[in-house]
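Single-letter residue listing:
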Amino acid sequence: WLKGATSLRAAALRPVLIAMVLISKQNRRAILEHIFKEGVIVVKNDGRASRHNELEDLPNLHVMMVCKSLASRAYLTEKFNWQWHYYFLTNEGIEYLREVLHLPPQVFPSTLTKQRATRAVLAGADTAAASGDGGWGKGKGKGKWGGDGYGKGYGKGKDE
C-alpha cells in the first residue's frame, strides 16, 4: 500500500490545469443590464450549455461566471435548487450596477417597482360590485343539477 500512497501524494502535487473564461465587455454588459432590469436571474448549472435560457445569444458559462463573481462580492444572493442557480440582486448590487452601467438614481429594477392597476380595470370592478351583478356571493341558486339547492344533489344524506 505504500506504493499506492506515494502515487496519491504525487497526484496531489501535480499542477491542475484550469481554463480561463474570457468574457467580452459586450457580453458582460448585456448580462449586467439584464440583471439590473429584472432584479433576478436564473442560471442552469451546466457550463457546457451553448446558450443561456433567457439571454439566447450568450453562452451559459459566461452568465454563470459573471453571476458567480457578483455573488462572491455580495452584490447578488444565491439560492441553488435542482441544478439551477437563482440569483437575487441586493441593495449593494443595485448601487454597484448603477455605477458600472452609468444609470441615474431614479432607475430601479423591475422587482422593486410597483405595478399600477389601470383606471379602466378598477372602474369595471367597482360598478359590477355596486350593482350586485356578476361575481361570487350570489347565494344559493339552482346550481349545476337544478333544484333549489337543498337536498337535491348527489352524496350522503337522506331523501325527504
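## Some remarks on the overall build of the protein
Inference 1: In terms of helices and strands, the protein carries 5 helices and 3 strands.
Inference 2: In the protein, the succession of helices and strands from N to C terminus is α-α-β-α-β-β-α-α.
Inference 3: Taken across its 160 residues, the protein has 20% of its residues classed as buried.
Inference 4: Carbon and sulfur atoms provide 57% of the accessible area of the protein, an area that totals close to 13,100 Å².

## Brief notes about unusual backbone geometry
The phi angle of most residues is negative, glycine excepted, and most peptide bonds adopt the trans form.
Inference 1: The residue alanine 74 is not glycine, and still its phi comes out positive at about 65°.
Inference 2: Along the chain, the position of alanine 74 falls in the loop between α3 (60–72) and β2 (76–81).

## Some details on the packing of aromatic side chains
Inference 1: Per the stated rule, a full pass over the model turns up 1 aromatic pair.
Inference 2: Here tyrosine 75 and tyrosine 96 contribute two aromatic rings whose centre-to-centre distance is 4.3 Å and whose plane-to-plane angle is 10°, an arrangement assigned as stacked. Remark: tyrosine 96 occurs in helix α4 (residues 91–101) and tyrosine 75 occurs in the loop between α3 and β2; sequence separation between them is 21 residues. Judged on exposure class, the residue tyrosine 75 and its partner tyrosine 96 are both buried.

## Here we look at the packing of helix α2 (residues 25–38) against α4
Helix-helix packing: each pair is described by the crossing angle between the helix axes and the interaxial distance.
Inference 1: Two elements in contact, α2 and α4, have axes separated by 10 Å at closest approach and are oriented at 135°. As judged from the angle between their axes, α2 and α4 are oblique. For the crossing formed where α2 meets α4, the hand is left-handed. The segment α2 lies against α4, with Arg28, Arg29, Leu32, Glu33, Ile35 and Phe36 engaging Ile94, Tyr96, Leu97, Arg98, Val100 and Leu101.
Inference 2: Partitioning the contact of α2 with α4 into residue classes produces 8 nonpolar, no polar and 4 charged.

## Structural notes on α4
Since one α-helical turn is 3.6 residues long, residues separated by three or four positions face the same way.
Inference 1: Among all positions in α4, only Gly93, Ile94, Tyr96, Leu97, Arg98 and Leu101 are buried.
Inference 2: Just beyond α4, the residue with positive phi is histidine 102, at close to 55°.

## Looking at the packing of α2 against α3
Inference 1: One way to put it is that α2 packs onto α3 with a least axis distance of 10 Å and a crossing angle of 65°. Of the two possible hands of crossing, α2 and α3 adopt the one that is right-handed. Listed contacts from α3 to Asn27, Arg28, Ile31, Leu32 and Ile35 of α2 are His62, Val63, Val66, Cys67 and Leu70.
Inference 2: The residue makeup of the contact of α2 with α3, split by class, is 7 nonpolar, 2 polar and 1 charged.

## A short note on the side chain of histidine 62
Inference 1: The residue histidine 62 is located in helix α3 in this model.
Inference 2: Judged by relative accessible area, which is 14%, histidine 62 ranks as buried.
Inference 3: Among the polar contacts listed, one links the side chain of histidine 62 to the side chain of asparagine 27, at a separation of 3.4 Å.
Inference 4: What histidine 62 contacts, discounting residues up to four positions off in sequence, is Val21, Leu22, Ile23, Asn27 and Ile31.

## Examining the environment of alanine 74
Inference 1: What makes alanine 74 partly exposed here is its relative accessible area of 46%.
Inference 2: In the structure, alanine 74 is positioned 17 residues away from asparagine 91 in sequence and 9.6 Å away in space, judged by C-alpha atoms.
Inference 3: Here alanine 74 is in contact with Thr90 and Glu92, once residues within four sequence places are set aside.

Rules behind the numbers
- Residues numbered from 1 in each chain as written.
- Predicted model: local features only at pLDDT ≥ 70, side-chain atom pairs only at ≥ 80, totals over all residues.
- Heavy atoms only, no water.
- Helix = DSSP H or I, 4+ residues; strand = E, 2+ residues; numbered from the N terminus.
- Buried < 20%, exposed > 50% of the residue type's maximum accessible area, 1.4 Å probe, protein only.
- Areas by Shrake-Rupley, 256 points an atom, 1.4 Å probe, with all protein chains shown as cover.
- Phe/Tyr/Trp six-rings, centres within 6.5 Å; stacked < 30°, edge-to-face > 60°.
- Axes fitted to C-alpha atoms, helices over the stretch in contact; angles between N-to-C directions.
- Parallel < 35°, antiparallel > 145°, perpendicular 65-115°, else oblique.
- Left-handed = near helix turned anticlockwise from the far one by under 90°.
- Contact = heavy atoms within 4.5 Å.
- Nonpolar A, V, L, I, M, F, W, Y, C, P; charged D, E, K, R; others polar.
- Polar contact = N/O pair within 3.5 Å; in protein donor to acceptor, adjacent residues only side chain to side chain.

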